[in-house]
Amino acid sequence: MLKIVIVDDENDALEALEWKLNRYIEDVKVIKCNSPIQSINIIDTVEPDIVFLDIQMPEMDGFTLLENLTNRKFNLIFTTAHDEFALKAIKVSAIDYLLKPVDKDELMSAISKIKEKKKGELLEDKLQLLLGNIDEANNDKINISADGKVYLLEKEDVIMLKSDKSYTTLFLANEQQIVVSKTLKEVEKKFQFPQFFRVHNSYLINLTHVKEYLKGLGGELIMSNGLSASISRNKKSELFKKLYLD
């Protein structure tokens, strides 16, 4: 029996895909979920054979959901109404990509491919290989998943990152702000470059965008966009060396 989990914030899409799976695919058990946050626990607990995953969802986009999973031992099929996401689906190695409303024949073809796959050819292995290729191909860019998109950012365009509990806001040079549903500690892994420095528990800054240093108890930095970033006492000495301050 194939265990299948469908994750989509649109209930109509959930029910339509569930009906088609039960109607056209033999021997399946379907679990549907309209909350990406709740689906993380479901996928980790149920350990499905296949996950049908929408990309654009208000709580959390599909790419961020994948990054938060403990269990990635399943076959992945993206379902979305937006064909511009096809390339991004490939970047996380989806076994297939289906536009909504899902066509019956395309659905059956996608399931057939999965059944014919060699055992063990699962998402985790493909993710490692593909993400490595992406990093190599885009080593001058930083990829950030948010808002149902994958942003490919130039390092010099990122002014600073600010933590807000379980969320992180990226401030860009064009005044755009990107809110990521991950902690700063998690997002910081994407910014392992010499020009980025963690000056405070709540701030990661681009040193090339520092315009002023304000003296005080801990000190404060004024960035090129006019926003300020606090400095932790234990970071001040290292920061001074990086900014060549006395």
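Everything below is about the structure shown above.
Here we summarise the structure given alongside this text. (Residues numbered from 1 in each chain as written. Predicted model: local features only at pLDDT ≥ 70, side-chain atom pairs only at ≥ 80, totals over all residues. Heavy atoms only, no water.)

### With respect to the overall build of the protein
Check the secondary structure of the protein and you find 8 helices and 15 strands. Burial statistics for the protein: of 246 residues in total, 47% are counted as buried. Accessible surface, the protein as shown: approximately 13300 Å² in total, 48% of it carbon and sulfur. (Helix = DSSP H or I, 4+ residues; strand = E, 2+ residues; numbered from the N terminus. Buried < 20%, exposed > 50% of the residue type's maximum accessible area, 1.4 Å probe, protein only. Areas by Shrake-Rupley, 256 points an atom, 1.4 Å probe, with all protein chains shown as cover.)

### Re the sheet that holds strand β13 (residues 210-214)
Reading across the sheet, the 3 strands line up as β13-β14-β15 and stay open at both edges, with antiparallel pairing between neighbours. Looking at which strands have only one partner, the edges of the open sheet turn out to be β13 and β15 (228-230). Each strand axis lies, on average, 25° off the axis of its neighbour in the sheet, ignoring direction. (Pairing = 2+ DSSP bridges. Axes fitted to C-alpha atoms, helices over the stretch in contact; angles between N-to-C directions.)

### A word on helix α1 (residues 11-24)
Its 14 residues place the ends of α1 20 Å apart at the C-alpha level, agreeing with the 20 Å of an ideal helix rising 1.5 Å per residue. Within the span of α1, buried status applies to A13, L14, L17, E18, K20 and L21. One face of α1 carries all of its buried residues, which in axial projection span an arc of 165°. Relative to its buried face, α1 has exposed residues pointing more than 90 degrees away, namely D12 and R23. Elements in contact with the buried residues of α1: β1 (2-7), β2 (28-33), β3 (50-54), β4 (75-80) and α5 (104-116). (Expected span 1.5 Å × (residues − 1). Arc of directions from axis to C-beta. Contact = heavy atoms within 4.5 Å.)

### Here's the deal with the pairing of β3
Within β3, 5 of the 5 residues are buried, leaving the element largely enclosed by the surrounding structure. In β3, alternate side chains face the same way, and those of I50, F52 and D54 on one face and V51 and L53 on the other are all buried. Pairing between β1 and β3: 4 bridges, direction parallel. Among the inter-strand pairings, V5 is bridged to a residue of β3, identified as V51. In this view, the connection linking β3 to its parallel neighbour β4 by way of helix α3 (residues 62-67) has right-handed handedness. (Right-handed = clockwise from strand over helix to strand, strands pointing away.)

### A few points about the environment of N22
Structurally, the position occupied by N22 is in helix α1. The contact partners of N22, leaving out residues within four places of it in the chain, are V28 and V30.

### Points about the sheet that holds strand β10 (residues 177-180)
Whenever strands of a sheet pair, they do so through backbone hydrogen bonds, lying parallel or antiparallel. One open sheet holds the 5 strands; their spatial order is β10-β9-β8-β12-β11, and the pairing between them is antiparallel. Edge positions in the open sheet fall to β10 and β11 (196-200), since each of these has one partner strand only. Going from strand to strand, the sheet's axes swing by 20° on average, the running direction of each strand aside. Where strand β8 (residues 158-164) lies against strand β9 (residues 167-172), 6 bridges are found, and the strand directions are antiparallel. Of the residues in β9, the one forming a bridge with V158 is L172.

### With respect to the pairing of β8
Most of β8 is tucked away, with 5 of its 7 residues classed as buried. Connecting β8 to the next strand, β9, in antiparallel fashion are 2 residues, including K165 with a positive phi near 60°. Bridge analysis of β8 against strand β12 (residues 203-206) gives 3 bridges, and the strand direction is antiparallel. Residue pairing in the sheet places M160 in a bridge with I205 of β12.

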